[in-house]
Protein chains: 2
Amino acid sequence: MIGIFDSGIGGMTVARAVEQLLPEYSIVYLGDIARTPYGSKSPATITDYSLRNTEFLLEKGAEIIIIACNSASSVATEALRREFQTPIIEVITPAAEKAIATTKNGRIGVIGTRATIRSGVYDQTICDRQPEFKVFSAACPLLVPLVEEGWINKQETKMILRRYLHPLKDRQIDTLVLGCTHYPLLKGLIQARIGKRVNLIDSSVETAKYVRELLTAQPELVHRDENGATTHRYYVSDLTDSAQMVAAKIFERPLELLLT
Amino acid sequence: MIGIFDSGIGGMTVARAVEQLLPEYSIVYLGDIARTPYGSKSPATITDYSLRNTEFLLEKGAEIIIIACNSASSVATEALRREFQTPIIEVITPAAEKAIATTKNGRIGVIGTRATIRSGVYDQTICDRQPEFKVFSAACPLLVPLVEEGWINKQETKMILRRYLHPLKDRQIDTLVLGCTHYPLLKGLIQARIGKRVNLIDSSVETAKYVRELLTAQPELVHRDENGATTHRYYVSDLTDSAQMVAAKIFERPLELLLT
């Protein structure tokens, strides 16, 4: 069983991609809606919550853990790997490697929460591999509340995006990492504002692809449920109408959310 | 000692008013930044957090508790009064009574978080006292994140306010309750958008006045610290730069925040 957690519902974009790319695996998901959002909180608090979320998923039978949250991946991955023997997958490396493989001019933009951008983890991951590349990043803290409100196509969201993306517009980037699992829901608006020629990298899809490669190479890591015997359970630490709404939008079907 | 809690830093507008109106009393404050915001979460979760916050303040020596958060006041007051002997003060009644005393035409607007507006507590409190009055309310869930980002005077905030206040503009209200302790920071923008002739009721100031009346009538409730011997302690469950910034803005001085 594949365990996935996020601060809330954004990580469901990862779960959805895992469902599609790895249909023979069961999923247990935890969205920590009671303490959402993580991206404006301190590294110590985000790490504490990530440890507790991982314990919950392990108790439910998870054999690997995907941290489907860029903020938690940025600040809590090392602590989780120290604490648990279970393989811990984060969303940063798959997105960073895809960006490196995609860029032609070596100029990469990254947008994310304040916690993700402040950690500098994308800059470090990219520059460790390609020291001559330039990374330009921008924190976009209001995008998560806007997505959670369902303000996906509102004029105000467009204006706020324009303000956030403005410093990246002059940098001649040809690739932009959507460094938050909520942002795929704003993909169209972001593409329109940053320009058609900029490649958008979706950390959710890249992480699902990375897990597929991992399980092809090491199939013994996770038990497979053949012949349609998979079960997917979506837990949340708080149950709200807007969570139900955004979850249904992500999965394009009504999703039963289970209260922890 | 007066105990005050909020989901975060908005309740500091209440603490600031208490400092000014009741200079002879010590204050212990708890801002639950690690789990902020409350206003989009469920009543059960908000109540659970409110119980724990109250326990914390009582351990620190609080003799009365002010719930300096409209969301928690709306859904958790009864549970706190059942659980604790200590007097529990909420912010709804003082604001509702001031609105009743202020309106000339009996048409009152209320803005607040989703939790506050959905609870219907302002409608009920006003209509219990004045059944012929009309209450018109609007949930404004993005205002808290905007204030916490310090976007106090940005064009996008003005547009979002215009959208939220639009349904109230046609209602001929002459009084508008700022039913969230973050909103006093947006007072100027709200006044400009709702019109000069509408009276704004600040739940923070009204609550501080109510506590002053209570302690005048029942001085035995809280120990006084005469001759400048008061101590004010401001605790937070998470420490972030933006919390420091907004706290300094509210108090017009740098404020030492203590991590719980």
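Because the structure is predicted, anything quoted here is derived from the model rather than measured.

> I'm lost on the sheet that holds strand β10 (residues 257-259) of chain B in this one. Help?
In any sheet, the strands associate via hydrogen bonds between backbone groups, in a parallel or an antiparallel arrangement. Residues and elements named next belong to chain B. Taken in spatial order, the six strands make up an open sheet running β4-β3-β1-β2-β9-β10, and their pairing is parallel. With partners counted over all chains shown, the strands left at the sheet margins are β4 (88-90) and β10, one partner each. With direction set aside, neighbouring strand axes in the sheet form an average angle of 25°. Strand direction decides the pairing type here: strand β3 (residues 64-67) and β4, joined by three bridges, are parallel. From the neighbouring strand, isoleucine 67 faces β4, where its bridge partner is glutamate 90.

> Hey, could you run me through the pairing of β3 of chain B in this one?
A regular strand places its side chains on the two faces of the sheet in alternate fashion. Burial of the side chains of β3 of chain B extends over both faces: Ile64 and Ile66 of chain B are buried on one face and Ile65 and Ile67 of chain B on the other. Remark: the β3 of chain B/helix α3 (residues 70-83) of chain B/β4 of chain B crossover connection has right-handed handedness.

> When you look at helix α6 (residues 121-129) of chain B in this model, what are you seeing that I'm missing?
The periodicity of an α-helix, 3.6 residues per turn, causes residues three or four positions apart to be oriented the same way. Residue and element names in this part refer to chain B. Those residues of α6 lying buried are Val121, Tyr122, Thr125 and Ile126. With its buried residues spanning 125° around the axis, α6 presents them on a single face. Here the buried face of α6 lies against α3, α4 (92-102), β5 (107-112), α5 (114-119), β6 (134-139) and β7 (175-179).

> What is the right way to read the confidence of the model for chain A from this model?
Interpreting fine coordinate detail is not advised for predicted regions of low pLDDT. Mean pLDDT over chain A works out to 95, with 100% of the residues at or above the 70 mark. For this predicted complex, the interface score ipTM comes out at 0.88, while the overall pTM is 0.91.

> Any chance you could explain the domain arrangement of chain A here in plain terms?
How large an interface is tends to be reported as the accessible area lost when its parts come together. All names here are of chain A. Domain annotation for chain A reports domain 1 (2-90 + 205-259) and domain 2 (92-203). Computed from C-alpha coordinates alone, the two centres of domain 1 and domain 2 are separated by 22 Å. Counting from both sides, the interface comprises 29 residues of domain 1 and, opposite them, 25 residues of domain 2. Tallied by class, residues from the side of domain 1 that touches domain 2 come to 12 nonpolar, 12 polar and five charged.

> Can you walk me through the interface of chain A and chain B in this structure?
Counting from both sides, the interface comprises 17 residues of chain A and, opposite them, 17 residues of chain B. At three residues, helix α8 (residues 155-169) of chain A tops the list of elements feeding residues into the side of chain A that touches chain B. A breakdown of the residues in the side of chain A that touches chain B according to their chemical character gives seven nonpolar, five polar and five charged.

Conventions we followed
Residues numbered from 1 in each chain as written. Chains lettered and ligands numbered in written order. Predicted model: local features only at pLDDT ≥ 70, side-chain atom pairs only at ≥ 80, totals over all residues. Pairing = 2+ DSSP bridges. Helix = DSSP H or I, 4+ residues; strand = E, 2+ residues; numbered from the N terminus. Axes fitted to C-alpha atoms, helices over the stretch in contact; angles between N-to-C directions. Buried ≥ 20, exposed ≤ 12 C-beta atoms within 10 Å, placed from the backbone. Right-handed = clockwise from strand over helix to strand, strands pointing away. Arc of directions from axis to C-beta. Contact = placed C-beta atoms within 7 Å. pLDDT = per-residue confidence, 0-100. Domains from an automatic or database assignment. Nonpolar A, V, L, I, M, F, W, Y, C, P; charged D, E, K, R; others polar.

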